[in-house]
Amino acid sequence: MRDTVLIEEMTWPEVRDAIAGGKRRVIVMLAAMEQHGPHLPIGVDTFLGYATGTRLARRLGDALVAPVVSLGYSAGHLPMAGTVSIEEPVLEATILDVCRSLAHHGFREIILLCSHGGNYHALTNTLPTLRQELAGVRISAITDFDEWIAHTKQFAAREGLDVARLGVHAAQGETSMMLAHRPDLVQMDKACEGFMGDASIRWRSKVPPPMDEMSPTGILGDARGSTADLGEKLFAERIERLASMIEAGALAK
Ligand SMILES: [Zn+2]
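Residues numbered from 1 in each chain as written. Predicted model: local features only at pLDDT ≥ 70, side-chain atom pairs only at ≥ 80, totals over all residues. Heavy atoms only, no water.

## Re the coordination of the zinc ion
Working step 1: Taken together, His 36 (NE2), Asp 45 (OD) and Glu 174 (OE) make up the full set of protein donors to the zinc ion, lying 1.9 to 2.1 Å away.
Working step 2: Motif for the zinc ion, donor spacing along one chain: H-x8-D-x128-E.
Working step 3: The exposure class of His 36 is buried, given its relative accessible area of 1%. (Donors = N, O, S within 2.8 Å, 3.2 Å for Na, K, Ca; no water. Buried < 20%, exposed > 50% of the residue type's maximum accessible area, 1.4 Å probe, protein only.)

This is the structure in structure tokens:
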């Protein structure tokens, strides 16, 4: 069989045989199509969703990656051109149908992860239904952006980096990961400093404030100083943390 973990690159008999042969987990990445500053493309969360899903599936060894849900709840980014947002009830219905489809094919565990902070509410809202309806399938999920923030803080402290510059959107963190994964899509000559204050109101409020009022460039943090090397370190840390939580069953509560 060809060496891919992406379901969309496989034929249906290959998917069937992979599941029968021990690929018992499937990873569902919830991404977005939203502005990422003047230096990164609209599809960052989707590109990083594929990269994270693929690396995590290879690390776990018994997982495939579902097609990334590439439209997410990005209402706060709509002032910037190119952003495409779907409402939370639409996203919730999509998550339910994606999981119903995957459960039908025999996966024993569905792992739901956000590569976009705006999707956590919708994901949280679907879990009771998923766990009741798909009772024979383990549903694992990270439902809290604070987990990602805590991890970023630990990483920054260990690496001697400024967590405010790593940022939460289109800053050193995401820019470095894009330099590691898709350098052809990064315009470092346009990377700049964005909003450097506390941005947590964005994920603590039901409707996030318009991004252009908080950061005219669309960056939260500082994109300057990003490197592919830092991006590889972030991927490695993130994948190891996710894999150990999944293997410990810590995301299935
Ligand atoms: Zn992003």
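So, next bit.
## Looking at helix 10 (residues 228-247)
Working step 1: End to end, helix 10 covers 28 Å across 20 residues, agreeing with the expected 28 Å (1.5 Å per residue, within 8%).
Working step 2: Looking only at helix 10, the buried set comprises Leu 230, Gly 231, Leu 234, Phe 235, Arg 238, Ile 239, Leu 242, Ala 243, Met 245 and Ile 246. (Helix = DSSP H or I, 4+ residues; strand = E, 2+ residues; numbered from the N terminus. Expected span 1.5 Å × (residues − 1).)

## Focus: helix 5 (residues 145-159)
Working step 1: Between its first and last C-alpha atoms helix 5 spans 21 Å; for 15 residues at 1.5 Å apiece the expected length is 21 Å, and the two agree.
Working step 2: In the core, the buried residues of helix 5 are packed alongside helix 4 (120-133), helix 6 (163-166), helix 8 (201-204) and helix 10.
Working step 3: At the N-terminal end of helix 5, a side-chain oxygen is found 2.9 Å from the backbone nitrogen of Asp 146, two or three residues along, and the residue is Asp 144.
Working step 4: Backbone geometry just downstream of helix 5 places Gly 160 in the positive-phi region, at approximately 70°. (Contact = heavy atoms within 4.5 Å. Polar contact = N/O pair within 3.5 Å; in protein donor to acceptor, adjacent residues only side chain to side chain.)

## Focus: the sheet that holds strand 4 (residues 138-141)
Whenever strands of a sheet pair, they do so through backbone hydrogen bonds, lying parallel or antiparallel.
Working step 1: Pairing within the open sheet is parallel, and its four strands lie in the order 2-1-3-4. The sheet terminates laterally at strand 2 (63-65) and strand 4, the two strands that pair on one side only. Put simply, the sheet's adjacent strands are angled 25° from each other on average, direction ignored.
Working step 2: Here six bridges tie strand 1 (residues 25-30) to strand 3 (residues 109-114), and the two strands are oriented parallel to one another. By the bridge assignment, Val 28 is partnered in strand 3 with Leu 112.
Working step 3: Against the sheet, helix 2 (residues 44-60) touches strand 1, strand 2 and strand 3, its axis set at about 160° to strand 1.
Working step 4: Each of strand 1 and strand 3 is contacted by helix 3 (residues 88-104), which is oriented at about 150° to strand 3, the strand it contacts most. (Pairing = 2+ DSSP bridges. Axes fitted to C-alpha atoms, helices over the stretch in contact; angles between N-to-C directions.)

## A closer look at the packing of aromatic side chains
Working step 1: Inspection of the entire model under this criterion finds three aromatic pairs.
Working step 2: Note on Tyr 120 and Phe 145: the rings are 5.8 Å apart at their centroids and 50° apart in plane angle, and the pair reads as tilted. With Tyr 120 in helix 4 and Phe 145 in helix 5, the pair connects residues that are 25 residues apart, well separated along the chain.
Working step 3: Arranged with centres 5.3 Å apart and planes meeting at 5°, the rings of Phe 145 and Trp 148 form a pair that is stacked. Here Phe 145 pairs with Trp 148, and both are found in helix 5, just three residues apart, close to one helical turn.
Working step 4: In this structure Phe 145 comes out as buried when scored by relative accessible area, which is 10%.
Working step 5: Classification of Trp 148 as partly exposed rests on a relative accessible area of 23%.
Working step 6: The structure contains a cluster of three or more aromatic residues connected by ring pairs, namely Tyr 120, Phe 145, Trp 148 and Trp 203. (Phe/Tyr/Trp six-rings, centres within 6.5 Å; stacked < 30°, edge-to-face > 60°.)

## Examining the nonpolar core
Working step 1: Within the largest apolar cluster, 60 residues are counted, with the highest numbers of intra-cluster contacts made by Ile 27, Leu 56, Ile 95, Ile 110, Leu 112, Leu 113 and Leu 130.
Working step 2: Sort the elements by how many residues they give to this core and helix 3 lands first, with six residues.
Working step 3: If near-sequence neighbours (up to four positions away) are discounted, Leu 113 is found in contact with Ile 27, Val 28, Met 29, Leu 30, Leu 56, Ile 142, Leu 242 and Leu 251.
Working step 4: Judged by nonpolar contacts, the second largest core, of 20 residues, contains Leu 40, Leu 166, Ala 191 and Phe 235. (Core = buried A, V, L, I, M, F, W, Y, C linked by side-chain atoms within 4.5 Å.)

## Re the pattern of salt bridges
Working step 1: A complete count under the given rule lists 22 salt bridges for this structure.
Working step 2: In this structure, Arg 238 engages Glu 147 in a salt bridge whose closest nitrogen and oxygen atoms are separated by 3.1 Å. Here Arg 238 is found in helix 10, whereas its partner Glu 147 is found in helix 5, with 91 residues between them in sequence.
Working step 3: According to the relative accessible area criterion, Arg 238 is buried, its value standing at 11%.
Working step 4: For the salt bridge of Asp 222 with Arg 165, the shortest nitrogen-to-oxygen distance reads 2.7 Å. Highlighted residues: Asp 222 in the loop between helix 9 (211-214) and helix 10 and Arg 165 in helix 6, separated in sequence by 57 residues.
Working step 5: Asp 222 sits in the buried class, given a relative accessible area of 2%.
Working step 6: Through salt bridges with shared partners, a single network forms among Asp 162, Arg 165, Glu 193, Asp 222 and Arg 224. (Salt bridge = Lys/Arg side-chain N within 4 Å of Asp/Glu carboxyl O.)

In short, geometric facts, not functional conclusions.
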